[in-house]
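Observations on chain architecture
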Amino acid sequence: MKNPLKLLLLLFLLSQSYAFAQNSRVTGKVTGPDNQGLPGVNVQVSGTTVGTATDATGNFSLNAAGNTSLVFSNIGYTSQTVAVNGRSIVDVQLAEDLKTLNEVVVVGYGTQRKTDVTGALTAISTKEFAQQPITRLDQILQGRAAGVQVTQASGAPGGDARIRIRGANSVLGDNNPLYVIDGYIGADFNFLNPSDIETLQVLKDAASTSIYGSRGANGVVIITTKKGSKGIKVTYQGQGSVSNVIKRYDVLPAGEFATIVNTRATATGSNQPFTTAQIAGFNQNGGTDWQSLVYRTGQGQQHQVTVSGGSDKTTFLISGNYVNQSGIVQNSNFDRYILRTNINTQLNDKLSLRLNLSGTKSKNHNTNGGGALIQALAWAPTTPAYGPDGQPTFTDPTGSVYRNPLDYLYDQSVDADRTTFNINGGLNYKLPIKGLTLDLQYAINYLNAQNENFTGKRLSNNNPSASRYSSDQLTLQNTNNLSYNVTLGDHSISAVAVLESQQFTDNNFTANATGLTFPQLGYSNIGANSAASVGSGFSKWTLLSMLGRVNYAYKDKYLVTAAVRRDGSSKFSQANRYSVFPSLALGWRLSEEKFIKDLNIFSNLKLRGSWGMTGSQAIQPYATLSPYNTTFVAFNNTAAVAGVMQGNQGNPNLKWETTKQTDVGLEMEFFRGRLRFEVDYFHKNTSDLLLNVALPSYAGGGTQTRNVGSVENKGFEFTLGGTPIAKGGFRWETNLNLSTLQNQVLSLGGVPRLGTGTGVGAGMSTTYEFMLMPGQPLGSYWGLKYLGTFKPNEADLAAKFGRVPGDPHYQDLNGDNSITTDDFQIIGHAFPKLTGGWNNTFSYKGLTLNVFFNGVFGVDKLNYTRAAALSGAGDARQFILSEIRDYYRPGNETSNVPAFTKTYQPFTQSSRFLEDGSFVRLKNVSLSYNLPTSFIRDKGTIRVFASATNLLTITKYKGPDPESSSVGSATDTAIGIDYGSYPNSKTYTIGINLGF
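Residues numbered from 1 in each chain as written. Predicted model: local features only at pLDDT ≥ 70, side-chain atom pairs only at ≥ 80, totals over all residues. Heavy atoms only, no water.

Considering the overall build of the chain
Heads up, the condition is: Numbering of helices and strands runs from the N terminus, with a helix taken as a DSSP run of H or I at least four residues long and a strand as a DSSP run of E at least two residues long. Restricting the calculation to C-alpha atoms gives the radius of gyration, and the globule rule supplies 2.2 Å times the number of residues raised to the power 0.38. Exposure classes here rest on a 1.4 Å probe applied to the protein chains alone. A residue is buried below 20% of its type maximum, exposed above 50%, and partly exposed in between. The contact criterion used throughout is that any non-hydrogen atoms of two residues lie within 4.5 Å. Residues scored as charged are limited to Lys and Arg (positive) and Asp and Glu (negative), so that His and the chain ends carry no count. Here the site of a charge means atom NZ of a Lys, CZ of an Arg, CG of an Asp or CD of a Glu.
Tallying secondary structure elements over the chain gives eleven helices and 52 strands in all. Relative to the globule expectation of 30 Å for 996 residues, the C-alpha radius of gyration of the chain, 32 Å, shows essentially globular dimensions. Summarising its shape, the C-alpha atoms of the chain cover approximately 130 × 70 × 65 Å along the three principal directions. Counting every position in the chain, which comprises 996 residues, the buried fraction comes to 52%. Within the chain, counting contacts between residues at least 6 apart in sequence, those at least 24 apart form 68% of the total. One finds the centroid of the 83 positive side-chain charges in the chain at a distance of 7 Å from the centroid of its 69 negative side-chain charges.

Let's talk about unusual backbone geometry
What you tend to see is this: most non-glycine residues have negative phi, and most peptide bonds are trans. Even without being a glycine, Asn85 presents a positive backbone phi close to 55°. The backbone of Asn462 shows a phi angle near 65°, a positive value even though the residue is not glycine. For Asn462, the position within the fold is in the loop between β23 (436–455) and β24 (465–488). Judged by its relative accessible area of 56%, Asn462 falls in the exposed class.

Topic: the packing of aromatic side chains
Basically, it comes down to this: Centres within 6.5 Å make a pair out of two Phe, Tyr or Trp rings, where for Trp the six-membered ring is used; the pair is then stacked when the planes are under 30 degrees apart, edge-to-face when over 60, and tilted otherwise. Whether a charge lies above a ring is judged from NZ of Lys or CZ of Arg, which has to be within 6 Å of the ring centre and within 35 degrees of the ring normal.
By the definition in use, this model includes 25 aromatic pairs. A ring pair is formed by Phe581 and Trp656, whose centres lie 5.9 Å apart and whose planes are at 85°; its orientation type is edge-to-face. A residue pair is termed long-range when its members are at least 10 positions apart, and Phe581 in strand β28 (residues 578–589) and Trp656 in the loop between β31 (641–646) and β32 (657–670) qualify at 75 residues. For the pair formed by Phe581 and Trp656, the shared burial category is buried. Counting every residue linked through ring pairs, the aromatic cluster contains Phe879, Tyr887, Phe900 and Tyr904. Sitting above the plane of the Phe852 ring, Arg144 keeps its charged end 4.4 Å from the centroid. Across the ring face of Tyr786, the terminal group of Arg912 is positioned such that the distance to the ring centre comes to 5.7 Å.

Description of the sheet that holds strand β14 (residues 184–185)
For the record, the criterion: When DSSP finds at least two bridges between two strands, those strands are taken to pair.
Across the sheet, which stays open at both edges, the five strands sit in the order β10-β15-β16-β13-β14 with mixed pairing between neighbours. Each edge of the open sheet carries a strand with a single partner, namely β10 (121–123) and β14.

Describing the side chain of Asn218
Note the threshold: A 3.5 Å cut-off defines polar contacts: any pair of N or O atoms within that distance qualifies, except that in protein one atom must be a possible hydrogen donor and the other a possible acceptor, and neighbouring residues in sequence count only when both atoms are side-chain atoms.
Position of Asn218 among the secondary structure elements: in the loop between α3 (206–209) and β16 (220–225). On the basis of relative accessible area, Asn218 is assigned to the buried category, the value being 11%. At a separation of 2.8 Å, a polar atom in the side chain of Asn218 contacts the main-chain carbonyl oxygen of Asp174. Discounting chain neighbours no more than four positions away, the residues touching Asn218 are Ile165, Asn169, Asp174, Asn175, Asn176 and Pro177.

Describing the sheet that holds strand β1 (residues 23–31)
Sheet architecture is open: three strands sit in the order β4-β1-β7, paired in mixed fashion. The open sheet has two edge strands, β4 (59–65) and β7 (92–93), and neither has a second partner.

Focus on the side chain of Thr734
Among the structural elements, Thr734 can be located in strand β37 (residues 730–740). Look at Thr734 and you get buried, because its relative accessible area is 15%. Only 3.5 Å separates the side chain of Thr734 from the backbone oxygen of Asn839, close enough to count as a polar contact.

Side note on the pairing of β23
Regular strands place their side chains on alternate faces of the sheet. As paired elements, strand β22 (residues 412–430) and β23 share 19 bridges and run antiparallel to each other. Paired with Gly425 across the bridge in β23 is Tyr442. Between the end of β22 and the start of β23, which pair antiparallel, lie five residues, with Gly435 showing a positive phi angle near 85°. Across 20 bridges, the pairing between β23 and β24 is antiparallel. Along β24, the bridge assignment pairs Asn445 with Thr475.

Some details on the pattern of salt bridges
As a working rule, side chains carrying opposite charge can pair if their charged atoms are close by. As a reminder, the rule being used: One side-chain nitrogen of Lys or Arg within 4 Å of one carboxyl oxygen of Asp or Glu is enough to make a salt bridge.
The full count for this structure, using the stated rule, is 37 salt bridges. Of the charged contacts in the structure, one is a salt bridge between Arg565 and Glu500, with a shortest N-O distance of 3.3 Å. One end of the pair, Arg565, is in strand β27 (residues 558–569); the other, Glu500, is in strand β25 (residues 491–514), and 65 residues separate them in sequence. The pair formed by Arg565 and Glu500 is uniform in burial state, with each residue classed as buried. Across the pair Lys655 and Asp688 runs a salt bridge, and its minimum N-O distance is 3.9 Å. Here Lys655, found in the loop between β31 and β32, pairs with Asp688, found in the loop between β33 (675–687) and β34 (690–694); they are 33 residues apart in sequence, far enough to count as distant. What makes Lys655 partly exposed here is its relative accessible area of 36%. According to the relative accessible area criterion, Asp688 is partly exposed, its value standing at 26%. Within this structure, Lys114, Arg166, Lys204, Lys606, Arg608, Asp663, Glu667, Glu678, Asp680 and Glu717 form a network of salt bridges that share partners.

Regarding the environment of Ser311
Within the element layout of this structure, Ser311 appears in the loop between β18 (298–310) and β19 (314–326). Along the chain, Ser311 and Ile232 lie 79 residues apart, while their C-alpha atoms are 9.3 Å from each other.

Concerning the nonpolar core
The criterion, for reference: In plain words, nonpolar cores are sets of buried Ala, Val, Leu, Ile, Met, Phe, Trp, Tyr and Cys residues tied together by side-chain atoms within 4.5 Å.
In terms of nonpolar packing, the biggest core is built from 54 residues, with Tyr781, Tyr864, Ile884, Ile977 and Tyr979 touching the most fellow members. The set of elements that each furnish at least two residues to this core consists of α4 (254–267), α5 (276–285), β34, β40 (770–772) and α11 (864–871). Apart from the residues within four sequence positions on either side, Tyr864 is in contact with Val760, Met764, Ser765, Glu769, Thr908, Gln909, Ile977, Asp978 and Tyr979. Core analysis: the second largest hydrophobic core is formed by 23 residues, Leu141, Ile163, Ile181 and Ala187 among them.

A look at α11
Where burial is concerned, most of α11 is hidden: eight out of the eight residues are buried. By the burial criterion, the buried members of α11 are Tyr864, Thr865, Arg866, Ala867, Ala868, Ala869, Leu870 and Ser871. Residues of α11 that are buried make contact with β47 (860–863), β48 (914–916) and β51 (977–978). Where α11 ends, the next residue or the one after it, Gly872, has phi of about 65°, a positive value.

Describing the environment of Thr437
Counting through the fold element by element, Thr437 comes out in strand β23. Look at Thr437 and you get buried, because its relative accessible area is 14%. Residues Thr437 and Asn485, spaced 48 residues apart in sequence, show a C-alpha to C-alpha distance of 8.6 Å. Leaving out residues up to four positions away in the same chain, Thr437 has contacts with Asn428, Tyr429, Lys430, Leu431, Asn481, Leu482 and Ser483.

Remarks on a nonpolar patch on the surface
Definition in use: The patch calculation keeps residues exceeding 30% relative accessible area without a salt bridge and links them within 9 Å when they carry like charges or within 5 Å when they are nonpolar (Val, Leu, Ile, Met, Phe, Trp, Tyr). What sets the accessible areas is the Shrake-Rupley method with a 1.4 Å probe; for residues, cover comes only from the shown protein chains.
Taken together, Phe671, Leu675, Tyr681, Phe716, Phe718, Leu720, Leu736, Leu738 and Trp838 make up a surface patch of nonpolar side chains, about 770 Å² in accessible area. Residue contributions to the nonpolar patch peak at three residues, all from strand β36 (residues 710–727). Along the polypeptide, Phe716 turns up in strand β36. Classification of Phe716 by relative accessible area gives partly exposed; the value is 38%.

What about the confidence of the model for the chain?
The test is simple: Note: pLDDT gives the predictor's confidence per residue, expressed from 0 to 100.
Per-residue pLDDT for the chain averages 90, and the proportion of residues at 70 or more is 95%. Within the chain, helix α1 (residues 2–21) has the poorest average pLDDT of any element, 42, and strand β42 (residues 786–789) the best, 98.

A short note on the packing of α4 against α5
Put simply, the rule is: Orientation is described by axes fitted as lines to C-alpha atoms, over the contacting stretch for helices, and by angles from 0 to 180 degrees between their N-to-C directions. Geometric relationships in this document are graded by angle, where less than 35 degrees denotes roughly parallel, more than 145 denotes roughly antiparallel, 65 to 115 denotes roughly perpendicular, and other angles denote oblique. Amino acid classes used here: Ala, Val, Leu, Ile, Met, Phe, Trp, Tyr, Cys and Pro are nonpolar; Asp, Glu, Lys and Arg are charged; the rest, including Gly, are polar.
Relative to each other, α4 and α5 sit at 155°, their axes nearing to 7 Å. With respect to their mutual orientation, α4 and α5 come out roughly antiparallel. Facing α4, whose interface residues are Ala254, Gly255, Glu256, Ala258, Thr259 and Asn262, α5 presents Ile279, Phe282 and Asn283. Of the residues assigned to the contact of α4 with α5, the class counts are four nonpolar, four polar and one charged.

Written out as structure tokens, the structure reads:
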């Protein structure tokens, strides 16, 4: 019986093994720490693409072999891998992911544990914006990081965004942060697909940013993109949206407008333009609603496909993104295509390779706002939109002196095409010495920029014109990084040494033509013309850098970080080419001290402080040289002869702007990370400020760039976040941040003040709209102080100015009884004093609700759009806004809206049109639902969502949008003016995410 028993036992084991290896139905339930079912948990068979997600009560079901393992993962919880071991029921309880103390964050040229970071750094998790319809990086940064101010300066699709970290340092230079994407320095965030982001860190203090030396003064945003993982995964994200203007100006209906025009004409001794019959007809039939002709319901769509996968050694990710948006202003739109491929391979246990490729194609069409929006509030509602010939009415006999708003929409084209390609590759090799690693990286970035403009016959008075600008920009970067990490008992040391070089070249070409023979071809054929000019340019600069950093920790309690970077830039002369930027930071983790541990209050308590220097190359290449400009001169009535003349004088003594910054911070965590609080105080001082100083005629005239003056920024930053509720399947995660900012010009090198402006002109500004003055912040408005109207008891005072009661009354600073530019003064400030954001995510049984607020406080805006429509002078001629109903007249002498008089003289550059631009905005509300996996037979996951953006805005600002500005993001000396700015929109989005 012995042999038959052995045979029987062998057959039994084989049968069990066979059964164990076959796929069978496995069910189970996933719960959280409170034993409540967790919805939306990803359940995947390890090493395969087979997976599912738990339903609303936490249950799941899928086919799996008995000898495999299941991987359970969900945002906010610690992932678990559980062996099936032949079971048909597998229940799992997930623990909350409270390991923030061990979180690894990306810093300059390396990574660190969050607990070891001694600088001011904000890490933004992808889950904070996962529920929102994001198309660009600035939408992620806005309101989510203390000390980071993001202003959607243009609401146009693909429009301009203004991003500042801890204020503005430079007058001539660009104050935008430095963007580093996968190690490539100086990247453009407009060409990044937000769905490709894996990690996002914002470096704010000098201890964090000095590692980038001459480029880190404005803060640094470090981004790493996603990589593939073992097994094939395919995801699709699609969404569609509709948009409308947030608010329109309240304008007079045609009949009332005509009545007021007649009333004003009578008061000023002019003939009445409208008859009683005409006014009756307007009251009965209405007039032209110009805003309705200019604005429309915008539409948008976004599609994203990602394929990722690989083996144990090699992984890949391929993503494609397409965005198409038609703006809320007629004939404005934006298209963008992005393709990315990331490949990583581990050749052996010492050597790994990586290669990231990305390409972008984008086009903006008529997204500049401007003329159409201004003229929609200048053309009279009594003027028809179209003439008898079916063409837009050519002139307005009553309102504006400019062309029809429709002409600004359809008789011109302003296009900006951008094509980019980036290759970023490197290798990482673990040297024979333990802890020593060599990383080599090379990057090539190519940008082709095409600006194409066309103005047709109607806008150009039958002299159509066009221009084309083409630029090829190439950036080459090489980074050689040697890092060392070692732990010796209670001592931990990590060090990095880097040699880096970067080279930038720009070749450009410009062509302009007027009197186009074939205007119907627009800017596509400008060869046939009556006059043309061409130009070209070339510039090149290089940067060579050496840097080192050492991080030291003793018992994970006492932390020291020291760094130094030496930069050499070809923009400066040999004597000033190199500069050194050091930093030092200290940290003390009090929570590791026994006397703090015994309190049993803090899971983390860290005090940190830092000091450092950063710089700015706030000049263009060749600014140290004296250029010669081309010119044309006619001699003795002959044809113009080409020649050269000296331009602005160069300054070989130019050197770096230098920013010194001190930061003190305190981090606290309670209840194992359930509640977090962080506060920072910072103080920045930028010296050797680069300014253009006017030269006297005897010295050649023009301007010369010099290192004069200084600017100061200081403020507090507060962050409060955590998970207040996680019980019964319900979870609430929240993050609140507030930041204060005091910006001040300390010195202008002895110059008492320096004017700067936007070039608005057109009867709006009589001088610079902004003034740089010691003791005042950048972006200080320069204008007249409006005191209201002259009241009946001020008739004698008004007479001194040649005015009568009811006329505008402005402060006469010098007492000469005349209002001139000598009476201009600082009337407001464009920099906000307080900014903040509040992000909330609520989840329950497959449902997720995200509610996000952001706010800006203590900021002024000069509303030139309103001023033009309410001045009744200059180019607009008449009053359009309904505010004019309150004009000064007998029985209404308390009004500060000027009367209709012969002596009426308005100044738009005054505090009358300076408004409070503060606002609180419900930036986003999103509701999503994870469908049961049985919906697609456990083959993947489905999430559907609906979202509303800019749903509610609380503000005193009278324009459509307190956030938008007609001034771009390149300057901080002239900001905040709203003159035909493209407003942000209220947008409703629906979408679906699929995963297989």
